[in-house]
Amino acid sequence: MLSMWNNALSKDLQMNDTEISEMLLFFHTVGMLLYFDKDNLKETIILDIQWFSDAFKCIIAYHVEKKDSDVDRKHFQHTGELDDQKLEELWKREGTKEYNKHKEKILPYMEQLGLLAICNTESPDTKEMRTWYYIPSMNKRPYEIDDEEFSKSSILCFKFDEKGQLPIFVFYRAIVECMKIPEWSIFKQKGKNCIYENMACFSYQRLLVKICLCAYQIQVQVCFPKGESIDRELAIIQTSIKQKLNELKNYTFEIGYKCKNGMFNADDKNFISSKSFSVPQMKCETCKKLHYVEDKICWVTTKKSENQVLCRSDLIGDKPG
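Engineer: What exactly am I supposed to notice about the overall build of the protein here?
Structural biologist: Each helix and strand counted, the protein has nine helices and 15 strands in total. The buried share of the protein, taken over its 321 residues, is 45%. Put simply, of all contacts in the protein between residues at least 6 apart along the chain, 59% involve residues at least 24 apart. For the protein, the computed accessible surface area is about 18400 Å², with 52% contributed by carbon and sulfur atoms.

Written as structure tokens, this is what we have:
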């Protein structure tokens, strides 16, 4: 549509694709519209930001009519999980705003902003694909997995700006992006998705990948069967998450690890930068009690090994649409 209007202008006023994109990105930056220069989004421009915001507000408000049961709403307010049919019902009540008419345009934008994740799950009974949505900001579930029977990796940390803290929506968007990593799926226990208020659990091959938000860090730990070696898998996991976090513009982070005394999902100030491991063993500067830390706690030990992982394009990147 925009290209049609552009072509209708006289030749001296027409803009090329790059100029159009730069113009729209500027208007996006100053808050006049919503636009992302990504393959699945750049053909859509949201001009009415309030209309878009109201569409999301309608979801999280989840108004229930008197004739309806309140069970579904309570489940949504506890887990943040919403069925596709229920979403359409909520939007249908706002008939004049035509949210359902533009559903295929609105939802990818909400996903890009980290407001929700579009999920597709195969029904175990019918084998049909069921579409549902995960809204991270609504999740109130506490962590409840008993993982004591597993061996555990060292703790990987992505440390953001300590002074500015880590905005909660950045973590939400990070979780939404991790859902797109190839071969990853939401970990399930007793038929329930293991996504919690400040933590998400994923299955990757035979591994349980736990990602949590703690103060200004996103922390990652992997649980695996006892007696196994997972060095290669850890390198792939770190590089996959790092790639997704690099897509979050305007936010920088430092990669590091916790020593053996550090606790997962704890703000214990235990952080050793990966840049510190220029030698195989070093004194831990974060603990009062003297001990040494070996570079084997690192998931990716050298720039060379990270580049080798990045070359595995079949394992890293977005899932095909």
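Engineer: Any chance you could explain the pairing of strand E10 (residues 207–214) here in plain terms?
Structural biologist: Residues in a regular strand project their side chains so that they alternate between the two faces of the sheet. Most of E10 is tucked away, with eight of its eight residues classed as buried. By the alternation rule, side chains of E10 split into Leu-207, Val-209, Ile-211 and Leu-213 and Leu-208, Lys-210, Cys-212 and Cys-214, which are all buried. Both strand E9 (residues 199–204) and E10 contribute to a ladder of six bridges, which runs antiparallel. The partner of Ser-203 across the bridge, within E10, is Leu-208. Two successive antiparallel strands, E9 and E10, enclose a turn made up of two residues, where Gln-205 displays a positive phi of approximately 55 degrees. The pairing of E10 with strand E11 (residues 217–224) spans seven bridges and is antiparallel. Bridge assignment links Ile-211 to a residue of E11, and that residue is Val-220. What sits between the antiparallel neighbours E10 and E11 is a turn of two residues, in which Ala-215 has the positive phi angle 55 degrees.

Engineer: What am I meant to see in the side chain of Ser-273 here?
Structural biologist: For Ser-273, the position within the fold is in strand E13 (residues 272–273). Among the polar contacts made by the side chain of Ser-273, one reaches the side chain of Glu-254 at a distance of 2.6 Å. Ser-273 has contacts with Glu-254, Ile-255 and Gly-256, leaving out every residue within four places of it along the chain.

Engineer: I would appreciate a short explanation of the nonpolar core in the present structure.
Structural biologist: With 51 residues, the main nonpolar core has Phe-158, Trp-184, Phe-202 and Ile-211 as its most contacted residues. No other element matches the seven residues that helix H7 (residues 168–178) contributes to this core. Every residue in contact with Phe-158, bar those within four places of it in the chain, is listed here: Tyr-216, Gln-217, Ile-218, Val-220, Gln-238, Ile-241, Lys-242, Leu-245, Phe-253, Glu-254 and Ile-255. By size, the runner-up hydrophobic cluster in this structure holds 28 residues, among which are Leu-33, Ile-46, Trp-91 and Leu-107.

Engineer: Would you mind going over the packing of helix H3 (residues 49–61) against helix H5 (residues 84–92) with me for this structure?
Structural biologist: Geometry of a packed helix pair, given as the angle between the helix axes and the separation of the axes. Relative orientation of the contacting elements H3 and H5 amounts to 115 degrees, with a least axis distance of 10 Å. In this structure, H3 crosses over H5, and the sense of that crossing is right-handed. Taking contact as the criterion, the partners of Ala-55, Cys-58 and Ile-59 in H3 are, on H5, Leu-87, Leu-90 and Trp-91. Tallied by class, residues from the contact of H3 with H5 come to six nonpolar, no polar and no charged.

Engineer: Hey, could you run me through the side chain of Lys-258 in this one?
Structural biologist: Tracing the backbone shows Lys-258 in the loop between strand E12 (254–257) and E13. Looking at Lys-258, the relative accessible area reads 2%, which means it is buried. A polar contact of 3.0 Å, which involves the side chain of Lys-258, links it to the side chain of Asp-268. Here Lys-258 is in contact with Ile-155, Cys-157, Gln-217, Gln-219, Met-263, Ala-266, Asp-268, Asn-270 and Ile-297, once residues within four sequence places are set aside.

Engineer: Just to check I follow, could you spell out the pattern of salt bridges for this structure?
Structural biologist: Two side chains with opposite charge may pair up if their charged atoms get near one another. Under the defined criterion, the tally for this structure stands at 19 salt bridges. The salt bridge partner of Glu-228 is Arg-206, with a shortest N-O separation of 2.3 Å. Taken together, the positions of Glu-228 in the loop between E11 and helix H8 (231–246) and Arg-206 in the loop between E9 and E10 put the pair 22 residues apart, joining distant regions of the chain. Glu-228 gets classed as partly exposed once you look at its relative accessible area, which sits at 34%. Given the relative accessible area of 35%, Arg-206 is considered partly exposed.

Engineer: Any chance you could explain the packing of H5 against helix H6 (residues 103–112) here in plain terms?
Structural biologist: Where H5 meets H6, the closest approach of the two axes is 13 Å, and the angle between their N-to-C directions is 110 degrees. Judged by the angle between their axes, H5 and H6 are roughly perpendicular. Remark: the crossing between H5 and H6 carries right-handed chirality. Of the residues in H6, those in contact with Asp-84, Leu-87, Glu-88 and Trp-91 of H5 are Lys-103, Ile-106, Leu-107 and Met-110. Residues that form the contact of H5 with H6 fall into these classes: five nonpolar, no polar and three charged.

Calculation rules
Residues numbered from 1 in each chain as written. Predicted model: local features only at pLDDT ≥ 70, side-chain atom pairs only at ≥ 80, totals over all residues. Heavy atoms only, no water. Helix = DSSP H or I, 4+ residues; strand = E, 2+ residues; numbered from the N terminus. Buried < 20%, exposed > 50% of the residue type's maximum accessible area, 1.4 Å probe, protein only. Contact = heavy atoms within 4.5 Å. Areas by Shrake-Rupley, 256 points an atom, 1.4 Å probe, with all protein chains shown as cover. Pairing = 2+ DSSP bridges. Polar contact = N/O pair within 3.5 Å; in protein donor to acceptor, adjacent residues only side chain to side chain. Core = buried A, V, L, I, M, F, W, Y, C linked by side-chain atoms within 4.5 Å. Axes fitted to C-alpha atoms, helices over the stretch in contact; angles between N-to-C directions. Left-handed = near helix turned anticlockwise from the far one by under 90°. Nonpolar A, V, L, I, M, F, W, Y, C, P; charged D, E, K, R; others polar. Salt bridge = Lys/Arg side-chain N within 4 Å of Asp/Glu carboxyl O. Parallel < 35°, antiparallel > 145°, perpendicular 65-115°, else oblique.

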